[in-house]
Amino acid sequence: MNELSLLDSLFGNDGFSFPYHRASACAPKVDVVQKKDGYVLSMDLPGKTEKDVDITLKNDVLTISSVKAEKGEDEKKCCKKDDAVYILRERSCACAEFSRSFTLPKDIDAGKVSATFKNGILSVEIGRKEDTAEKKIAIQAS
C-alpha cells in the first residue's frame, strides 16, 4: 500500500476517480531492469517515432517526454477518424502529451547513456560506474 492509496481510502475513492490516478494513467508504462553493468528502461510508445520523443538527463534525473502536435493537420489526422465520430475511445491518441521523470541511483555513469527506438518501444540503457570495491587503508605509525 502506498501513500496515494492511503489518501484514496481516507476520501472513499477506489483509485479511479482520484485526479492523480487519472493523470498518471495516461503516461506510458515503463519496465526498469537492473543488470550487472547498468540499467535498461523500456517504454511502450505506440504510434510514436524517435522524432516525437525527447530524453534529458540532468542531476541524476532522467526525463522522457513527448509534446502534443501543434493544432493543424497532424492533430486533425491523429484525433479524428476521417469524418467519423468516436463513440468509444480507449486507445490513446498518438499525439498525446506526456512526461515521465526518473531519479536515478548514484551509481550511474552519465557518459554511458544510450537510447534506441524499435517497433514502438523506446529502450534507454544507462551504464553503471565501475564497482568501487572496499579498499584497505594502511595505518602508518608515527
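Calculation notes
Residues numbered from 1 in each chain as written. Predicted model: local features only at pLDDT ≥ 70, side-chain atom pairs only at ≥ 80, totals over all residues. Heavy atoms only, no water. Helix = DSSP H or I, 4+ residues; strand = E, 2+ residues; numbered from the N terminus. Contact = heavy atoms within 4.5 Å. Areas by Shrake-Rupley, 256 points an atom, 1.4 Å probe, with all protein chains shown as cover. Buried < 20%, exposed > 50% of the residue type's maximum accessible area, 1.4 Å probe, protein only. Pairing = 2+ DSSP bridges. Core = buried A, V, L, I, M, F, W, Y, C linked by side-chain atoms within 4.5 Å. Salt bridge = Lys/Arg side-chain N within 4 Å of Asp/Glu carboxyl O. Axes fitted to C-alpha atoms, helices over the stretch in contact; angles between N-to-C directions.

Visitor: Where do I start with the overall build of the protein chain in this structure?
Guide: Per the secondary structure count, the protein chain includes three helices and seven strands. Secondary structure elements of the protein chain, listed N to C terminal, follow the sequence α-α-β-β-β-β-α-β-β-β. Of the contacts made within the protein chain by residues no fewer than 6 positions apart, 53% connect residues no fewer than 24 positions apart. Just so you have it, the protein chain exposes about 11,600 Å², and 52% of that area is on carbon and sulfur atoms.

Visitor: Would you explain the pairing of strand β1 (residues 30-35) in this entry?
Guide: As a general feature of sheets, a regular strand has side chains that alternate between the two faces. For β1, the tally of buried residues reaches only zero of six residues, placing the bulk of the element at the surface. With six bridges connecting them, β1 and strand β2 (residues 38-44) associate as antiparallel partners. Looking across to β2, one finds that Val-33 is bridged to Val-40. The antiparallel pairing of β1 with β2 creates a hairpin that spans two residues between the two strands.

Visitor: Where do I start with the nonpolar core in this structure?
Guide: In terms of nonpolar packing, the biggest core is built from 14 residues, with Met-43, Leu-62, Ile-64, Leu-122, Val-124 and Ile-126 touching the most fellow members. Of all the elements in the fold, those that place two or more residues in this core are β2, β4 (61-66), β5 (98-103) and β7 (121-128). If we skip the residues at most four places from it in the chain, Met-43 touches Pro-28, Lys-29, Val-30, Ile-64, Phe-98, Arg-100, Phe-102, Gly-120, Ile-121 and Leu-122.

Visitor: Looking at this model, I keep getting lost on the pairing of strand β3 (residues 54-58). Mind explaining?
Guide: Looking at chain direction, β3 and β4 are connected through five bridges and run antiparallel. When the bridges of β4 are listed, Leu-57 appears paired with Leu-62. The antiparallel hairpin formed by β3 and β4 contains two residues in its connecting segment, where Asn-59 sits at a positive phi of about 50°.

Visitor: How do you make sense of unusual backbone geometry when you look at a structure like this?
Guide: A negative phi angle characterises most non-glycine residues, just as the trans form characterises most peptide bonds. Positive phi, normally seen in glycine, also occurs at Asn-59, with a value near 50°. Within the fold, Asn-59 resides in the loop between β3 and β4. Of the residues examined, Asn-59 reaches a relative accessible area of 68% and is grouped as exposed. The backbone of Asn-119 shows a phi angle near 55°, a positive value even though the residue is not glycine. Relative to the helices and strands, Asn-119 resides in the loop between β6 (108-118) and β7. Relative accessible area serves as the criterion here: at 72%, Asn-119 is assigned to the exposed category.

Visitor: What should I look at first to understand the pattern of salt bridges in this one?
Guide: Opposite charge on two side chains makes pairing possible when the charged atoms of those side chains draw close. Within the structure shown, the criterion is met by three salt bridges. In this structure, Lys-106 engages Asp-60 in a salt bridge whose closest nitrogen and oxygen atoms are separated by 3.3 Å. Of this pair, Lys-106 sits in the loop between β5 and β6 while Asp-60 sits in the loop between β3 and β4, and the two are 46 residues apart along the sequence. Residue class for Lys-106 comes out exposed when judged on its relative accessible area of 66%. Taking the shortest distance from any N to any O, the salt bridge between Lys-112 and Asp-109 comes out at 4.0 Å.

Visitor: What is the right way to read the sheet that holds β6 from this model?
Guide: The pairing of strands in a sheet comes from backbone hydrogen bonds and takes either a parallel or an antiparallel form. Reading across from one edge, β1-β2-β7-β6 is the order of the four strands in this open sheet, with antiparallel pairing throughout. Each end of this open sheet is capped by a strand with a single partner; those strands are β1 and β6. The sheet shows a mean angle of 15° between the axes of neighbouring strands, direction not considered. Where β6 and β7 come together, seven bridges link them in antiparallel fashion. Across the sheet, the residue bridging to Thr-116 is Ser-123, located in β7.

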